[in-house]
Amino acid sequence: RKLLRVSLSDLAAMGAVARAYTLNIALGDSVSDAWVKDFCGGLRQDQSEFGIHLIGGDSVSTNGPLVLTATLFGEIDEARVLRRSGACPGDSIFVSGTLGDGALGLLAARDELAEVDKGDIEFLSNRYRLPQPRIDLGQSLVGISTAAADISDGLLADLRHICGASGVGAEVVLGDLPLSSAAKRVLEIRPHLAPLIATGGDDYELVFTVPKSKVNQISAQKLDVQIVCIGTVVEGKGVRALDSVGSEVSFARMGFRHN
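Below: a short report on this structure. All values derive from a computational prediction rather than experimental measurement.

What counts and how
Chains are numbered independently. Their residues run from 1 in the order of the written sequence. Where totals are concerned, whole chains, interfaces and linings use all residues; where local detail is concerned, this predicted model gives features only for residues with pLDDT of at least 70, and gives and counts side-chain atom pairs only at 80 or more. Just so you know, side-chain values use all the structure's heavy atoms and leave hydrogens and water out. Centre distance within 6.5 Å is the pairing criterion for rings of Phe, Tyr and Trp, where only the six-membered ring of Trp is used; planes under 30 degrees apart are then read as stacked, over 60 as edge-to-face, and the remainder as tilted. Strands are runs of DSSP state E lasting at least two residues, helices are runs of H or I lasting at least four, and both sets are numbered from the N terminus onward. Any two strands with at least two DSSP-identified bridges between them are counted as paired. What makes two residues a contact is simply this: any of their non-hydrogen atoms within 4.5 Å. With axes taken as lines fitted to C-alpha atoms, and helix axes fitted only over the stretch in contact, angles between N-to-C directions fall between 0 and 180 degrees.

### Some details on the packing of aromatic side chains
Throughout the structure, instances matching the rule amount to 2 aromatic pairs. Seen from their ring centres, Trp 35 and Phe 39 are 5.1 Å apart, and the 10 degrees between their planes marks the pair as stacked. In this pair, Trp 35 and Phe 39 are both assigned in helix α2 (residues 33-50), 4 residues apart and thus about one turn of the helix distant. Look at Phe 94 and Phe 208: their rings are 5.7 Å apart centre to centre, the planes differ by 10 degrees, and that puts the pair in the stacked class.

What follows is the structure, given as structure tokens:
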């Protein structure tokens, strides 16, 4: 299911309607029939949930590790597609959902948060393993948002992609980043993990920009996910992260980098 959802999130960031996918599988001897049955059951479940269907692909055997590759197809009018290149100075920056759950969930899945409440471990692990692509939100932003991206590499890294494509800068207020209750409790125990909220990735929420004149259209939307304003698009280049008094906060890394 995650195999499909990470790419469904890309379609959401473009405002597209998800249609279909292809699937290539390389199976090794260690993969059991029961695993394949469960895997196909997960695909079937999300095909139904997101209204997509399998249209082709290939399956082979391998002496190496299991390899799974899905290519997702969506549809949207070319003139209406959400891109990364339309942000303008003065636009407000919004994010959906809560941030940092994916990165903290990876630690939870690796049993690296042993002192954290079991309920929070389960919640965060599930957020990492089963992201929620914001398909409906993406479609609702068409004609309203000037630029959008899904948060896979980390908020600051993906916002930097928007800034680079749009030729602008951005200022983000770290204290305004939305956190789940589970993430808040983890940070109370391990405050040194706070940078992961802005840089950790694997959240698959949307970060998007909206002109001031259209912000009310966002607040008027009836959506099943919270939307929070976290900053502003400005003149210049790059992303500045600010603390509660407006001082810039530096990070050792902005997020995942594709080599």
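### Some details on the pairing of strand β8 (residues 227-234)
Across 5 bridges, strand β4 (residues 92-96) lies against β8 in antiparallel orientation. The residue bridging Val 95 from the neighbouring strand is Val 228, located in β8.

### Examining the environment of Ile 25
Checked against the element boundaries, Ile 25 lands in strand β1 (residues 17-27). Between the alpha carbons of Ile 25 and Ala 70 there is a distance of 8.8 Å; along the sequence they are 45 residues apart. The contacts of Ile 25, once residues within four sequence positions are left out, are Phe 39, Asp 58, Ser 59, Val 60, Leu 66, Val 67 and Leu 68.

### Quick notes on the sheet that holds strand β10 (residues 248-249)
Pairing within the open sheet is mixed, and its 7 strands lie in the order β5-β7-β4-β8-β6-β9-β10. Both edges of this open sheet fall to β5 (147-150) and β10, since each of them pairs with a single strand only. One ladder, built from 4 bridges, connects strand β6 (residues 169-173) with β8; its direction is antiparallel. From the neighbouring strand, Gly 169 faces β8, where its bridge partner is Val 234. Where helix α1 (residues 2-13) meets the sheet, its contacts fall on β5 and β7 (206-210), and the angle it forms with β5 comes to roughly 175 degrees.

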